[in-house]
Amino acid sequence: GSRGLMVFTDSKRRPSYFTEKSNESAVKYINRKFPNIDIRGGSQHLSSIQKQKSAVLEGLQSYYESFIDVMEFRDNVYELLNTIDACQCFFDIAVNFDLTKNYLDLIVTYASVFYMLSRIDDKKAIVGLYNCAYEFSNGNSDPSFPRLGQMFIEYDHPWKKLSEEFGPHTKSVTGALLSLRMLYPRRNLSADQWRSAQLLSLLASPAAMLSPTCCDTMACEYLSTEVMERWILIGFLLCHSSLNTNADSQNLWKTALRSGLYLTVIRDEVLNIHKLSEDFFDGLKGYSKRIPDIKECKDYVITNCGALRREKRNFLRNALKELTKVLEDEPALLGPKALYVFMALSFSRDEVLWLVRHAENIPKTKTPEDYADSQLAELLYHMEKLRTLLAQHRYVIQRYHLQYLSQYDALVLNDIIQGMYVCPEEESVLMSSFVSTLSTQCFCLLQAYTSTGKAPLALKDYPDLAKVMNMAQFHTRMMDSVNELLCETADLSILCFHARVFEKLFSQSSEDVSMQRYLTAFPVICSHFSQCLHPLCPEETEEIENQSLKLCVSFLEEISRQTCTVVLEICAEQCNLHEKLLPKHSAETISTARNKKLKKSLPKKGDVPKEKPGTESLRKDRAIVTNLDKMHQALTELCASYSICADFTVFKHIIVPAEFLLSQLEIRLNKVIVQMANYNQSTHEIARPSDLLAGIQAYVTSLHSLSCYINIDVTRLVKNVLLQQTQPLDSYGSQTITTLYTNWFLEGLLRQASSALIVHCPTTQCFVNQNTENEQSFHAEEYADICGLRSLAELIGPYGLKFLNENLMWHIISQVGELKKLVSDNMDVLVQMRANFENPDAMSDLQKKLTGCENVLKRMTIIGVILSFRSMVQEALGEVNVSIYCLKDLISPEGDIKVTLSVYEMASAAGLPCEIDPALVSAIANMQTGEDEFKITCLLLVFIAVSLPTLCLDPNSFYSRAQGGHQNNIHCLATAVNHIAAAMFTVQRKNTRIQLQEFLKVASSILLQLGQNVERMEIKNRDSIYVILHMIVEQSPFLSQDMLETCFPYVLLRNAYREVHKTFIHTMG
């Protein structure tokens, strides 16, 4: 009943008719006239209801029927209570436990339902609106409406009305409550008393460890004290006459009042019991003496209760820890000591729920810290461990109690029954059935039959029978209903409705380092929240499911975040230690050692010698705790929290805590790797690829040690992260090192190489800085040497290099587009030059008409620089990957070009050099626009050939033997010509060899004409330009030295090389 009424107190589920402005007048009119609503006299107010009467009936029907259910519930409870009084039933929790418990639960539930009914502000409007719509539709009022209206009026002051109703039942209720006078004080002891009695300890008496735990009232031992307090305090509100006449009643009532400030009605609805009791008795004649009692009890609670409860939780933490350890070591003890487990769970749950409901409503006190508990995680953890042990070893429990029932309980019961003098027929049948089947249902029926006033067989006259039957019933429950008993004793699903306090308790525990190993208990408790659901309230399922998952995920994410932070701090520390061992730091050590040997510049007295790597591991005293020690300790604690269970289920969702850690590590590791790259877009600074690779390797090595603490797949994590770093964006849309290095090489290195501030050096296979007045912000050889590019290839792999190459191609294509425009502008002149290249006079005249020669060579040089860099990267990739060399052997020169390009694409992705660059072919194919492409390509080669002499005018065009290239990067023209020609003619399906031979003839002719002009400026770097022609042939798979000798004398090349080498010797000398 109370669950259903919760719907009305939730503002989110309020019917829409109360929020519609058109219905405001009707709602006010109904509330004012209720329950005597005249629809004719109030037609002007109720017109909106008349217009939408069908919708109102349909929308409010479920609410209206719920109120009718409450009314029918009241009628049934009336009838049942009257029948119980008529039968003169007696209630004693120690004798007929089930009957007494169910009776007291019924009374409290009944009172709770009508208290919750009084809390519904809109109840009159809901019922009134429905009845008006019903009367508009049917011409008469709903038959149930008058009684409903009367019930609402009567229960406007629920406790007064309930007290009047229970007046005739005072004797039965008081009798049932007074049966708690021995049990409740015995259960409501202090932590010191528990400690003195060595409560819940299996080790207190080792000799009795295997003996079964037995007592006269098995079920009373794990009965919740919160439930008993609710019975006592609400019961004496309803039936209060004995508080003035019976000292036992008064003592019991006062003891319960001293236990706390709040009572749970349902979920997060609580009663301020002292305020309620004071207000209630203040209005009753003859109860003025109870007011000081209530105030005295309230003062006692505020002063002492917080500290007493804190001590109880401290005791239970240690008691449950001991119990868990013993039972984990010897699970067979779950058989004889199962009662201890349920007692421990029940006591612990009472303390947890007391803390939660009081932390939600902290009273004004000098010690508010008593209502916070940073160590609650440990108690919750051990509760969960006990639940897990019961589930894991249920067959042990069942097997033990099956033998107990058959070999002891049944025999003892049979002996007791045989010794009874009187046993009526019905009771005899039930008794025989119980002995033969040991059924709980039979026992409950037998309790009811033998607890009436006129019963021939009164159970209270046979205490031994009651004791043995109670014990047998507990053993039966151990066979059949362990899960139900767990719900009774350990259900914490109510925490779903105290989310704020639950989160606060988690936060307090997570800040305590000693509690970190127990934190996973919080998300595991969320798996209990499905027990909050009720078949009568299906509309709550989705909301409670979402709340449960939200809490569970937030807890696990926080635990994972903390674990991840510690893991990455350890990795960072190890990375720093590893960085000290890098070869780049060896120079200083070698220099120091050499100076020491030569006795040069010895250090001064005040200078502190630099620590060598490894000194951090030397400790004179083991008691000294380093930061790394603390982090490893924290990691051990956090990883231990994942051991509570590998997975658990929250509303059919399987939750795997370790996956949350992997997910957090993946996110954070991606960020860390990008941060380690240290890219600054404004200054074009970035970490050296070799340094970054060394750092990542140090991180990965440290991460693999994580598997020593927790069973997770670190290899999968590392592969996922590194694979994401080979893409332009990671799985969360953030930039990766692939993007950063692509941007840096394009904007930083290649842009400056295009301006000849950085020179490509074929001899050493790297790029180097030019000696200029303006010092560069970085040393190109530290990034674009063999070691650097190999490291880059390892970092971003084939996928990352494919992205880099795509960006390189985009820059090349933009240059090719400009070259085509230059060819188009000079089309007529180039056609004539192509036809007259062997005629010096004609060529001299045409040369004067030609425009943009320097521009063409500049753009081709830029293309050459980019392609040279690409070639170096491809070579580095081939060296770090297992190459598939045999693929290229499958290609035949006469084969289909599409097949050839497909194989080349795969080979290129593996880092193998290809005669035709498949990426360049694809890029050029996408920019083909007209039918004259072949002509433009041929004329472009002519344009390049006839422009070569202009290179002599640049003072930086001299060839450096040391670098194996020219100071202005024009040696990259050889790479550009070969690759561009091969790609363009492949796209146009033309013979590349023939077209390059034509280029060779034109270039040779032009350069030979250059050799005849001995007095012109071009003669200065003529030999260096001859070397370029030789480079083009040497690098081309389509040209040969024989072809070159047919059009350009070898003696000129030999002399050219001798001259440039002379320059080198002279420069060095």
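- Looking at an unreviewed UniProt entry, the chain carries the name NCK associated protein 1 like, with the source organism given as Cyprinus carpio carpio.

## Observations regarding the overall build of the chain
Inference 1: When its secondary structure is counted, the chain shows 46 helices and eight strands.
Inference 2: Relative to the globule expectation of 31 Å for 1069 residues, the C-alpha radius of gyration of the chain, 46 Å, shows a markedly less compact shape.
Inference 3: Seen along its three principal axes, the alpha-carbon backbone of the chain occupies a region of about 140 × 90 × 60 Å.
Inference 4: Considering only contacts in the chain between residues 6 or more positions apart, those separated by 24 or more positions represent 78%.

## Describing the state of the cysteines
Inference 1: Going through the model one piece at a time under the given rule, you end up with zero disulfides.
Inference 2: Not part of a disulfide, C89 finds its nearest cysteine sulfur in C87, a span of 5.1 Å.
Inference 3: We classify C89 as buried; its relative accessible area is 17%.

## Some words on the pairing of strand β6 (residues 766-769)
Inference 1: The alternating pattern of β6 places C766 and V768 and F767 and N769 on opposite faces, both of which are buried.
Inference 2: Counted between consecutive antiparallel strands, the loop separating strand β5 (residues 758-761) from β6 contains four residues, among which Q765 sits at a positive phi close to 55°.

## A look at the packing of aromatic side chains
Inference 1: For the structure shown, the criterion picks out 38 aromatic pairs.
Inference 2: A centroid spacing of 6.2 Å and a plane angle of 20° characterise the contact between F34 and F152, whose relative ring orientation is stacked. Pair noted here: F34 is in the loop between α2 (24-33) and α3 (43-51) and F152 is in helix α7 (residues 145-154), with a separation of 118 residues, a long-range link. By the burial criterion, F34 is buried, and F152 matches it.
Inference 3: Seen in terms of ring centroids, Y110 and F166 are 5.9 Å apart; in terms of plane orientation they differ by 65°. Their pairing is edge-to-face. Here Y110 is found in helix α5 (residues 97-118), whereas its partner F166 is found in the loop between α8 (158-165) and α9 (170-178), with 56 residues between them in sequence.
Inference 4: Looking at F166, the relative accessible area reads 1%, which means it is buried.
Inference 5: Cluster of aromatic residues (ring-pair linked, three or more members): Y741, W744, F745, F767, F778, Y783 and F869.
Inference 6: Directly above the ring of Y340 sits K337, whose terminal nitrogen or CZ lies 5.5 Å from the centroid.
Inference 7: In this structure, K990 packs its charged tip against the face of F934, placed 5.0 Å from the ring centre.

## With respect to the packing of helix α33 (residues 737-754) against helix α38 (residues 853-880)
Inference 1: Put simply, α33 and α38 touch, their axes get as near as 9 Å, and they point 130° apart. Here α33 is positioned oblique relative to α38, judged by the angle of their axes. You can see that α33 and α38 cross each other, and the crossing is right-handed. Along its contact with α33, which presents F745, L750, A753 and S754, the element α38 presents K858, I862, V865, I866 and F869.
Inference 2: Grouping the amino acids of the contact of α33 with α38 by side-chain chemistry returns seven nonpolar, one polar and one charged.

## A closer look at helix α42 (residues 972-987)
Inference 1: Helix length check: α42, at 16 residues, gives a terminal C-alpha distance of 23 Å against a target of 22 Å (1.5 Å per residue), a fit within 8%.
Inference 2: Burial runs high along α42: 14 of the 16 residues are buried.
Inference 3: R989 lies just past α42 and shows a positive phi near 60°.

## Looking at the packing of helix α31 (residues 689-704) against helix α32 (residues 714-724)
Inference 1: Across the interface, α31 lies against α32 with an axial gap of 9 Å and an inter-helix angle of 155°. Looking at the two axes, α31 sits roughly antiparallel to α32. The chirality of how α31 crosses α32 is right-handed. On α32, the residues touching I696, V700, L703 and H704 of α31 are V714, T715, V718 and L722.
Inference 2: Looking at the contact of α31 with α32 residue by residue, the class counts come to six nonpolar, two polar and no charged.

## Some points on the side chain of S179
Inference 1: One can find S179 in the loop between α9 and α10 (183-187).
Inference 2: Of the residues examined, S179 reaches a relative accessible area of 12% and is grouped as buried.
Inference 3: A polar contact is formed between the side chain of S179 and the backbone oxygen of A176, at a distance of 2.5 Å.
Inference 4: Leave out the neighbours within four places in its chain, and S179 touches F91, D92, I93 and T100.

## Some words on the pattern of salt bridges
Inference 1: For the coordinates displayed, the defined rule picks out 36 salt bridges.
Inference 2: Among the salt bridges present, the one from D156 reaches K124, with a minimum N-O distance of 3.6 Å. Placement of the pair is D156 in the loop between α7 and α8 and K124 in helix α6 (residues 123-138), with a sequence separation of 32 residues.
Inference 3: The salt bridge partner of D917 is R870, with a shortest N-O separation of 2.6 Å. Highlighted residues: D917 in the loop between α39 (897-909) and α40 (918-927) and R870 in helix α38, separated in sequence by 47 residues. The burial state of D917 is the same as that of R870; both residues are buried.
Inference 4: One network of salt bridges, in which partners are shared, links R74, E154 and K161.

## A word on the nonpolar core
Inference 1: Formed by 323 residues in total, the largest nonpolar core has its most connected members in W159, W231, L749 and F767.
Inference 2: Here this core gets 15 residues from one element, more than from any other, and that element is helix α35 (residues 786-825).
Inference 3: For L749, the residues in contact, after removing those within four places along its chain, are W744, I758, F767, F778, A780 and A784.
Inference 4: Among the nonpolar cores identified, the runner-up in size contains ten residues, and L413, L459, L465 and A466 belong to it.

## Some details on the environment of I758
Inference 1: Note that I758 resides in strand β5.
Inference 2: On a C-alpha basis, the gap between I758 and Q967 in space is 9.0 Å, while along the polypeptide they are 209 residues apart.
Inference 3: Setting aside chain neighbours within four positions, we find I758 in contact with L749, Q752, A753, F767, V768, Q770, F778, A780 and N969.

## Let's talk about unusual backbone geometry
Inference 1: Notably, F651 is not glycine yet its phi reads approximately 50°, a positive angle.
Inference 2: Looking at where F651 falls in the secondary structure, it is placed in the loop between β3 (648-650) and β4 (653-655).
Inference 3: By relative accessible area, F651 is classed as buried at 12%.
Inference 4: In the Ramachandran plot, H684 falls in the positive-phi region, its phi being about 55° despite a non-glycine side chain.
Inference 5: Turning to its location among the elements, H684 is positioned in the loop between α30 (657-677) and α31.
Inference 6: The partly exposed category is assigned to H684, whose relative accessible area is 26%.

## As for the environment of H393
Inference 1: Position of H393 relative to the elements: it lies in the loop between α19 (376-392) and α20 (394-418).
Inference 2: Distance in space between the C-alpha atoms of H393 and P331 is 7.0 Å, their sequence separation being 62 residues.
Inference 3: When near neighbours in sequence (up to four residues on either side) are disregarded, H393 contacts P331 and L334.

## Some remarks on the environment of T255
Inference 1: By secondary structure assignment, the location of T255 is in helix α15 (residues 247-257).
Inference 2: T255 gets classed as partly exposed once you look at its relative accessible area, which sits at 25%.
Inference 3: In this structure the C-alpha to C-alpha distance between T255 and Q988, which are 733 residues apart in sequence, comes to 100 Å.
Inference 4: For T255, the residues in contact, after removing those within four places along its chain, are Y184 and N188.
Inference 5: At 2.7 Å, the side chain of T255 and the backbone oxygen of N251 are in polar contact.

Thresholds, definitions, all that
- Residues numbered from 1 in each chain as written.
- Predicted model: local features only at pLDDT ≥ 70, side-chain atom pairs only at ≥ 80, totals over all residues.
- Heavy atoms only, no water.
- Helix = DSSP H or I, 4+ residues; strand = E, 2+ residues; numbered from the N terminus.
- Rg over C-alpha atoms; globule rule 2.2 N^0.38 Å.
- Contact = heavy atoms within 4.5 Å.
- Disulfide = S-S within 2.5 Å.
- Buried < 20%, exposed > 50% of the residue type's maximum accessible area, 1.4 Å probe, protein only.
- Pairing = 2+ DSSP bridges.
- Phe/Tyr/Trp six-rings, centres within 6.5 Å; stacked < 30°, edge-to-face > 60°.
- Lys NZ or Arg CZ within 6 Å of the ring centre and 35° of its normal.
- Axes fitted to C-alpha atoms, helices over the stretch in contact; angles between N-to-C directions.
- Parallel < 35°, antiparallel > 145°, perpendicular 65-115°, else oblique.
- Left-handed = near helix turned anticlockwise from the far one by under 90°.
- Nonpolar A, V, L, I, M, F, W, Y, C, P; charged D, E, K, R; others polar.
- Expected span 1.5 Å × (residues − 1).
- Polar contact = N/O pair within 3.5 Å; in protein donor to acceptor, adjacent residues only side chain to side chain.
- Salt bridge = Lys/Arg side-chain N within 4 Å of Asp/Glu carboxyl O.
- Core = buried A, V, L, I, M, F, W, Y, C linked by side-chain atoms within 4.5 Å.

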